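# Close look at the chain arrangement
Here's the letter readout for the chains.
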Number of protein chains: 2
Amino acid sequence: IMRDRSHIEETLHLNTAELSAEFTAAQKKLLDIYHTAIKPMEDAYKYNELRQYEVTDGEITSKPMILFLGPWSVGKSSMINYLLGLHGTSQELYTGAEPTTSEYTVIMHGEKFRTVEGIVMAADSSRSFSPLEKFGQGFLERLVGIEMPHKLLERVTLVDTPGIIENRKQQERGYPYNEVCQWFIDRADLIFLVFDPTKLDVGGELEMLFRQMKGRESQLRLILNKADTVSTQDLMRVYGALFWSMAPLVNVTEPPRVYVSSFWPLDYTGDTSRELFMKEEISLLDDLNQVIENQLENKIAFIRQHGIRVRIHALLVDRYLQTYYDKLGWFSDPYEVLHDIVSDPDKYYIFKSILAKTNISKFDLPDKEAYEDFFGVNPMANFKQLSYHCSWSGGCLLDKLEKAISHDLPALLNSINTTPDTCEEKPKNRWRRQ
Amino acid sequence: IMRDRSHIEETLHLNTAELSAEFTAAQKKLLDIYHTAIKPMEDAYKYNELRQYEVTDGEITSKPMILFLGPWSVGKSSMINYLLGLHGTSQELYTGAEPTTSEYTVIMHGEKFRTVEGIVMAADSSRSFSPLEKFGQGFLERLVGIEMPHKLLERVTLVDTPGIIENRKQQERGYPYNEVCQWFIDRADLIFLVFDPTKLDVGGELEMLFRQMKGRESQLRLILNKADTVSTQDLMRVYGALFWSMAPLVNVTEPPRVYVSSFWPLDYTGDTSRELFMKEEISLLDDLNQVIENQLENKIAFIRQHGIRVRIHALLVDRYLQTYYDKLGWFSDPYEVLHDIVSDPDKYYIFKSILAKTNISKFDLPDKEAYEDFFGVNPMANFKQLSYHCSWSGGCLLDKLEKAISHDLPALLNSINTTPDTCEEKPKNRWRRQ
């Protein structure tokens with residue numbers, strides 16, 4: 001027997017919400033702020049060479065990314081098939097009891113069903129996947145995109161991943177598995193880490209994955225899938241064991257949410273906990289819906305955070321330049337002076353002065369070592385000090401960036417949260433219900 | 001509606017097993033080995049002054065102790081009432097929503113119902129509670145015994161405790177709470193740590209209690225009581241949170257068993273998980289039954305362990321004596337010599353020589369500091385060397401002790417585990433089923 005799917009469409013408002021003009025306008029405004037106030041500063045001080053982390057237009061306009069991770073054959077692909085209702089169709093992802101997913105599969109919206117090679121996805125800078133190019137051809141061969149028209153994919157992009165296989169050597173994969181995982185983990189808006197209760201063993205690779213969640217704990221959700229295949233008593237044992245194994249690896253006060261259910265189209269085996277499983281499924285869908293509804297807020301916050309980092313970088317480079325020119329006399333060797341400063345910036349209070357000026361935690365400052373490399377590649381002469389980045393017509397770069405951080409972006413955030421026309425609480429959903 | 005109780009009597013074989021003659025004989029034999037082979041050595045080298053831990057006859061013949069711990073009003077007393085079927089009788093322990101148990105209540109077998117004052121229990125050396133005297137009058141006033149005729153109490157002794165109240169200051173109790181808990185924890189054959197899912201907060205006192213379980217993890221069982229009062233989804237959350245909070249405090253690979261049920265006579269609220277709750281209750285009763293069936297094995301192992309410690313102590317004192325007499329010349333100051341040896345026994349390889357001789361781990365050796373105190377109180381002249389503890393008729397103390405450890409006690413253990421008369425597997429139960 002197949003289960004009814006109406007609760008999925010209902011909880012996610014798939015048929016009752018459309019992309020509002022307001023949403024599109026706010027997204028355009030965000031792009032605009034980024035391009036006029038943040039990007040010029042990035043370019044002026046080559047921020048992307050420090051972090052190797054450029055923000056592309058694709059990332060600003062991209063949909064929330066839902067990442068599926070976990071051991072092999074726990075039902076990750078089946079869960080995606082279930083959420084999208086692909087079971088029995090030709091678009092269905094291949095699933096099975098052996099490891100079946102050997103590729104990172106990005107399932108996204110498109111006018112018609114088609115697959116996109118990884119190498120093509122990475123080349124297209126309007127997509128948010130172009131930075132993946134740095135993981136090499138070996139990885140791009142393991143990356144594939146699937147486009148299809150789907151209401152849910154209008155809202156989110158799903159990423160299926162090859163299952164964790166313990167005891168496999170890193171080099172056998174042909175690409176840096178941990179780094180690739182970290183890239184997706186860092187960008188995912190929701191991370192579903194899926195488990196099968198009948199084979200829950202926390203080995204080295206899974207342990208590594210848990211550790212990679214550092215800083216992303218609030219995006220992490222655990223799923224004890226196929227929960228209907230074991231007795232309730234066994235399920236409780238496994239559930240407890242999961243928290244037990246996870247506790248030393250995930251360093252947060254509150255445990256991550258664990259959803260216990262069976263995410264596939266067939267009816268639950270047995271009768272005992274079907275009410276629980278359905279409630280858990282709806283809780284998970286609510287969770288997913290929150291991510292959809294808050295995506296613009298999240299994106300604005302992300303861009304503002306990015307702007308703050310760019311500002312710190314600009315202030316640091318400016319300070320390095322100032323120190324460099326102060327120290328550089330007529331007869332001194334520029335190379336010696338540079339080396340002296342970058343090898344021990346603390347002697348010149350470079351980082352301390354930024355701390356004093358910016359009200360940020362010292363833990364958020366970049367590494368000194370990163371700047372040693374940075375100035376090794378980019379000579380001081382390549383940069384102008386901040387005071388020179390001003391123009392009669394456009395004002396100063398720093399002023400614009402600071403205005404974006406302290407005014408424009410907060411105002412944009414406010415504008416989408418206010419309730420201008422009615423007194424009743426406006427749904428946060430930019431996907432306006434019709 | 002009251003629940004049926006037949007599964008309790010059935011799982012614990014309350015009506016079908018009686019104390020066998022074999023059991024009584026083996027217990028007598030154990031007492032005999034202790035008194036002829038271990039106790040004389042204890043006395044000769046004042047072992048109880050080192051450890052402050054004398055084994056009394058009461059402890060050898062005592063029944064398995066089941067300890068109930070946990071926050072207040074989680075249902076510890078109700079659970080005891082339920083197990084004993086006291087609900088509605090005049091023997092019922094007082095229960096309620098406020099902290100109701102202010103005393104350590106020892107519920108044990110007796111010919112008729114009566115209460116015994118703590119001060120009386122501590123004075124009676126045939127009971128296993130006489131060592132509790134050391135916690136002072138303030139504690140003895142908080143200790144009470146209840147005797148009643150009961151099939152379950154013929155097999156085990158139950159100990160109810162005052163609930164943990166977080167944020168209460170230690171001195172307000174009027175006795176050393178942590179030490180008292182540790183005493184019971186160290187001696188309990190089964191420790192039921194009971195929780196209420198609606199008020200699970202792990203505070204300082206509970207944290208301390210978890211830490212006190214070190215070395216006793218295999219006796220520890222957690223109980224999520226009143227599990228029928230919350231929804232299954234909430235129950236799962238709390239269950240996970242319990243493992244999560246416990247993991248950093250309990251340092252074992254496997255998590256302790258957590259039983260999820262509702263241990264009181266009334267029928268479960270709601271219908272969802274009644275099958276689970278009943279299965280969990282039966283698993284707990286099975287667990288309890290194992291302790292009853294294995295009590296003699298456990299006791300023999302305990303006495304053998306005790307014998308090993310007494311032997312190490314005797315060998316150490318002997319070595320101290322030998323070193324002392326070797327060093328003591330005609331003109332040396334005995335006090336100086338003693339001080340020199342006890343303050344740095346490693347200089348004379350005292351502990352190393354015992355390690356070499358006894359095949360024990362250095363972590364099982366007593367502290368050097370303990371012997372500094374020991375010889376401060378007991379002058380060397382009080383002791384004779386091991387070689388003098390031999391007699392024509394009785395042989396040497398050390399030989400007898402070593403024979404008990406390596407032969408007599410293992411043989412006794414074997415005798416109760418063998419199946420002399422039939423080929424079918426004999427039930428481990430000394431409580432022979434009729």
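Here the structure is a predicted model, which is why all the values come from computation and not from measurement. Numbering of residues starts from 1 in each chain and follows the order in which that chain's sequence is written. As they are written, the chains are lettered A onward and the ligands numbered 1 onward, keeping that order. The model is predicted, so local features are restricted to residues of pLDDT at least 70 and side-chain atom pairs to those at 80 or more, both for listing and for counting; the totals for chains, interfaces and linings are taken over all residues. Side-chain descriptors were evaluated using all non-hydrogen atoms of the structure, hydrogens and water having been removed beforehand.

### Concerning the overall build of chain A
Here a strand is any run of E in DSSP of at least two residues, a helix any run of H or I of at least four, and the numbering for each starts at the N terminus. Broken down by element type, chain A carries 16 helices and 12 strands. Relative to the 2.2 N^0.38 estimate, which gives 22 Å for 434 residues, the radius of gyration of chain A is 25 Å and therefore close to what a compact globule would have. Structurally, chain A occupies a C-alpha span of about 85 × 55 × 40 Å along its principal axes. Residue pairs at least 24 apart in sequence account for 79% of intrachain contacts in chain A once pairs closer than 6 positions are excluded. Only the protein chains shown count as cover for residues, and the accessible areas themselves come from Shrake-Rupley with a 1.4 Å probe. Per element, the accessible surface of chain A, about 20300 Å² overall, is 51% carbon and sulfur. Only four residue types enter the charge count, namely Lys and Arg as positive and Asp and Glu as negative; His and the chain termini do not. A charge is said to be at NZ when it belongs to Lys, at CZ for Arg, at CG for Asp and at CD for Glu. Of note, chain A has its 49 positive side-chain charges centred 3 Å away from the centre of its 63 negative side-chain charges. We compute the radius of gyration over the C-alpha atoms and compare it with the globule rule, which gives 2.2 Å times the number of residues raised to the power 0.38. Here, residues are in contact when the closest pair of their heavy atoms is within 4.5 Å.

### Focus: the interface of chain B and chain A
Every contact between the two is made by 26 residues of chain B and, on the other side, 26 residues of chain A. Here's the idea: put two parts together, see how much 1.4 Å probe accessible area each one loses, and the total over both is what we call buried area. Carbon and sulfur atoms make up 69% of the area that chain B and chain A hide from each other, which totals about 2100 Å². By the criterion of area lost to chain A, the three top residues of chain B are Gln233, Met236 and Trp244 of chain B, representing 37% of everything that side buries. By definition here, a salt bridge exists when the distance from a side-chain nitrogen of Lys or Arg to a carboxyl oxygen of Asp or Glu is within 4 Å. Where chain B touches chain A, the interface holds two salt bridges. The partner of Glu280 of chain A in a salt bridge is Arg237 of chain B, and the shortest N-O contact between them spans 3.2 Å. A 3.5 Å cut-off defines polar contacts: any pair of N or O atoms within that distance qualifies, except that in protein one atom must be a possible hydrogen donor and the other a possible acceptor, and neighbouring residues in sequence count only when both atoms are side-chain atoms. Inspection of the chain B/chain A interface yields 15 residue pairs in polar contact (both at pLDDT 80 or more). Those elements that place two or more of their residues in the side of chain B that touches chain A are α11 (232-246), β9 (257-260) and α12 (274-293) of chain B. For the side of chain B that touches chain A, the leading source of residues is α11 of chain B, giving 10 residues. Only Asp, Glu, Lys and Arg are considered charged in this grouping, and only Ala, Val, Leu, Ile, Met, Phe, Trp, Tyr, Cys and Pro are considered nonpolar; every other residue, Gly among them, is considered polar. Split into classes, the residues belonging to the side of chain B that touches chain A amount to 14 nonpolar, six polar and six charged.

### A closer look at the packing of aromatic side chains
Only rings of Phe, Tyr and Trp enter the pairing, Trp through its six-membered ring, and a pair is recorded when the two centres are within 6.5 Å. The plane angle decides the type: under 30 degrees is stacked, over 60 is edge-to-face, the rest tilted. All chains considered together, the criterion is met by 45 aromatic pairs over all chains. A ring pair is formed by Phe375 of chain A and Phe383 of chain A, whose centres lie 6.4 Å apart and whose planes are at 90°; its orientation type is edge-to-face. Taken individually, Phe375 of chain A and Phe383 of chain A each receive the classification buried, so the pair is uniform in this respect. Plain terms: the ring middles of Tyr45 of chain B and Phe383 of chain B are 6.0 Å apart, the flat faces sit at 15° to each other, and that makes the pair stacked. One end of the pair, Tyr45 of chain B, is in the loop between α2 (21-44) and α3 (47-51); the other, Phe383 of chain B, is in the loop between α16 (368-377) and β10 (390-391), with 338 residues separating them in the sequence. An aromatic cluster is built from Tyr45, Tyr320, Phe351, Tyr371, Phe374, Phe375 and Phe383 of chain A, whose rings are joined through pairwise contacts. One residue, Arg5 of chain A, lies across the ring of Tyr82 of chain A, its end atom 5.7 Å from the ring centre. Buried means the residue's accessible area, taken with a 1.4 Å probe over protein chains only, is under 20% of the maximum for its type, while exposed means over 50%, and partly exposed covers the values in between. Remark: a charge is flagged as sitting over a ring if the NZ atom of Lys or the CZ atom of Arg is within 6 Å of the ring centre and within 35 degrees of the ring normal.

### Considering the sheet that holds strand β9 (residues 257-260) of chain A
Residues and elements named next belong to chain A. Two strands qualify as a pair provided that DSSP identifies no fewer than 2 bridges between them. Sheet architecture is open: eight strands sit in the order β4-β5-β3-β6-β2-β7-β8-β9, paired in mixed fashion. Either end of the sheet is taken by a strand with one partner, and the two such strands are β4 (114-117) and β9. Adjacent strand axes in the sheet meet at a mean angle of 20°, parallel and antiparallel pairs treated alike. Across three bridges, strand β3 (residues 104-109) lies against strand β6 (residues 157-160) in antiparallel orientation. Across the sheet, Ile107 pairs through a bridge with Leu158, a residue of β6. Note on definitions: angles span 0 to 180 degrees between N-to-C directions of axes, and those axes are lines fitted to C-alpha atoms, for helices only across the stretch in contact.

### Brief notes about a nonpolar patch on the surface
Residue and element names in this part refer to chain B. Note on patches: the residues involved have over 30% relative accessible area and no salt bridge, like charges join within 9 Å, and the nonpolar side chains Val, Leu, Ile, Met, Phe, Trp and Tyr join within 5 Å. On the surface, Met2, Trp264 and Leu266 cluster together into a nonpolar patch covering about 270 Å² of accessible area. Among the secondary structure elements, Trp264 is positioned in the loop between β9 and α12. Among the residues examined, Trp264 registers a relative accessible area of 36% and is labelled partly exposed.

Just geometry here; none of it tells us what the structure is for.
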